[in-house]
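The lines below spell out each chain.
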Amino acid sequence: MTAMQALLVSFLIVAVYAAILGALIARTNPLAFMMLTLAAGEMISHSVMLEGLRDYTGGADGLVVGFKGAVLGMQAADFANAARFWPVAWTAAWIAGLIIWTVRRSRLGAILRAVRENEERMRFSGFNTYAPRLIAFVLINMIAAVSGLLHVLNAGFVSPDSLSLSVSTNALVAALMGGVASSAGPIVGGLIFSFAQDEFGAHDATQLFTGVAVVAFIILIPRGVVGGILDAARQSTRSLVGRKRP
Amino acid sequence: MIALLIANSLALASLLIMLSSGLALIYGLRDVINFGHGALYMLGAYLGYTVALLGGFWLALFVVPILLACLGVAFERLVLRPLQSRSHIEVALVTLGLGIILGQILIFFYGGAARSVDAPRILSGSIEAFGLSYPA
Amino acid sequence: MLKTEKLSVSYGPLQALSELDLEIDGDGVLHGVIGPNGAGKSTLLDAVCGRRRPTAGTVRYRGQDITRRSVAWRRRHGMARSFQRTSIFQDLTVYEQLRLVAQHLGDRRLDDVIQVMDLADYLDEKAGRIAYGVQRRVDVALALIGRPHLLLMDEPGAGLSAVETLRLFQHLRDLVRERKIAAVAVEHDVDAVFACCDKVTVLDLGRHLATGTPAEIRADRRVVAAYLGSAA
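Just so it is clear, the model here is predicted, and its values are computed rather than measured.

What counts and how
Residues numbered from 1 in each chain as written. Chains lettered and ligands numbered in written order. Predicted model: local features only at pLDDT ≥ 70, side-chain atom pairs only at ≥ 80, totals over all residues. Helix = DSSP H or I, 4+ residues; strand = E, 2+ residues; numbered from the N terminus. Contact = placed C-beta atoms within 7 Å. Pairing = 2+ DSSP bridges. Axes fitted to C-alpha atoms, helices over the stretch in contact; angles between N-to-C directions.

A.B. asks: So what exactly am I meant to see when it comes to the overall build of chain B here?
C.D. replies: Scanning chain B from N- to C-terminus turns up three helices and two strands. When contacts within chain B are restricted to residue pairs at least 6 apart in sequence, long-range pairs at least 24 apart make up 56% of them.

Encoded structure:
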């Protein structure tokens, strides 16, 4: 199997997994859903350490991943090279952002927002509230799969740490920092978070940074950096133009 | 062998029961998911260790719950009340952040090595039950 | 239009509704349901609209047995419900939420609903920011979209003054006559019910007590004894 084929197959496997998991848990209330995704994540991250699967997963030592040939016109060495890799990652991030933005503006996005607000009333208005949530779940998992695959190409190595809970919480913190109310927010948040983590990492305080960042951002800048900028822009245009009456 | 497993499980389970009933209580009464609950558990253990060093196990057993109770009141007043109007997930994430911070503070003060507390005489030794000698 | 046969709902040991037989005709009828607290009025609506599974009995809608159908199915087939505790979308504007539902149910005549419920002035306001009385009108408006055949209203007058409730019921009566639909309104404000409803059913402790015109019910001794007392 060529490297490209392997990537595609992995992507499909994750998509199928997301569909099955989503089918099971998309119906539940927000809290139960949160705990179920947590449980599912932990299940996977611990299963790679099973003795029986050691040959495939490398157990606690992890797996070195390399490939011959080219993927997207680049060699393995190119992926490991930050200068040559970052355009790929950056493009992927913005494409993902674009996809999310399109969904937000679509009918599916409107339905999802309404379901988040008042799921019961949506059912009472004739909507199937299960299907949209399932679709959204599979979509975001597919995006996560892409980022995971890119990570493997870049790092050339994967271990149980790559699957740990802190990866999820870091992603969450990064999204919060940028602002979850917009499509560009998480991308900006990712930038801020990575820079900041490198800074704090120099003083060996990454965990502390994560904790402080979460608390500070939620209390002070709940809509994140991008959200805050958008709000400020809205306020100033409103005071300039006056309230519009349609 | 089975009896030993059962005894071990019961011991761990009772700790877990205490921990989770606290979590359930806060959720049921205040509608708050406290992701920092585990960190508080850790704080209790480390405080217990410190107090026990100073005044023995029984003093720790008496004093630490009171200390943590005060911390609970402070947590309610300083954290939960001001954030009352925020959404569930925001509050839950704040507790997560605070839990992480608390954990890091404890690691800073106590280091990463394991510490032990000596059990008082009444609770040391073993109990004979079901033909098995189990540490009290 | 609507028929319940021996409908029973129990919450564990509590029997909220016992073997209720009720028939609602279509074609321009406003049917009020009254009774003391705990009579099972809200439970009746819950069972009819599918929010709660009945423990026994059947619900027939337009001749079909719909006891097992989902809430969403019932709504798509013309059975709409409004809520006692206003259930709308706080963060969407009034227009956005009405349009969302209208698009889904294929209703092009949103202006009708807006006009009937007098919401024209509030279309661009976020629903969370408007007065409670207006929010209740949005709640009812959401139920009116899609030209339902059967309207189930759970205490539409809750939180409104007596004057507002009466006006709302008059509105409902006109709407029902004009569109030739059926509406069932569970309500505590007995005056509004007697003034505007064509038929009234009285429930007591989960059982059917009496059904008839407002005049008949007012004169019914059992009803007076159980519920109306000197208020009749």
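A.B. asks: Please explain the sheet that holds strand β2 (residues 14-24) of chain C as it appears in this structure.
C.D. replies: Neighbouring strands of a sheet are bound in pairs by backbone hydrogen bonds; such pairs are parallel or else antiparallel. All names here are of chain C. With antiparallel pairing, the four strands of this open sheet are ordered in space as β2-β1-β4-β5. The outermost strands of the open sheet, each flanked by one partner alone, are β2 and β5 (64-65). The pairing of strand β1 (residues 2-11) with β2 spans seven bridges and is classified as antiparallel. Residue pairing across strands places tyrosine 11 opposite leucine 14, the latter belonging to β2.

A.B. asks: How do you make sense of the arrangement of the chains when you look at a structure like this?
C.D. replies: Of all two pairs of chains that touch, the greatest number of contacts is found between chains A and C. A minimum C-alpha distance of 13 Å separates chain B and chain C, which share no contact.

A.B. asks: Just to check I follow, could you spell out the sheet that holds strand β3 (residues 29-34) of chain C for this structure?
C.D. replies: Residue and element names in this part refer to chain C. Overall, mixed pairing links the six strands, which are arranged β6-β7-β8-β3-β9-β10 in an open sheet. Two strands in the sheet have a free side with no partner beyond their single neighbour: β6 (79-82) and β10 (207-212). Sheet twist, expressed as the average angle between the axes of neighbouring strands with direction ignored, equals 15°. Both β3 and strand β9 (residues 199-204) contribute to a ladder of four bridges, which runs parallel. Among the inter-strand pairings, valine 33 is bridged to a residue of β9, identified as threonine 201. Sitting on the sheet, helix α5 (residues 132-144) is in contact with β6 and β7 (150-154), with an inclination near 175° to β6. Along the sheet, helix α6 (residues 162-179) contacts β3 and β8 (182-186); its crossing angle with β3, the most-contacted strand, is approximately 140°.

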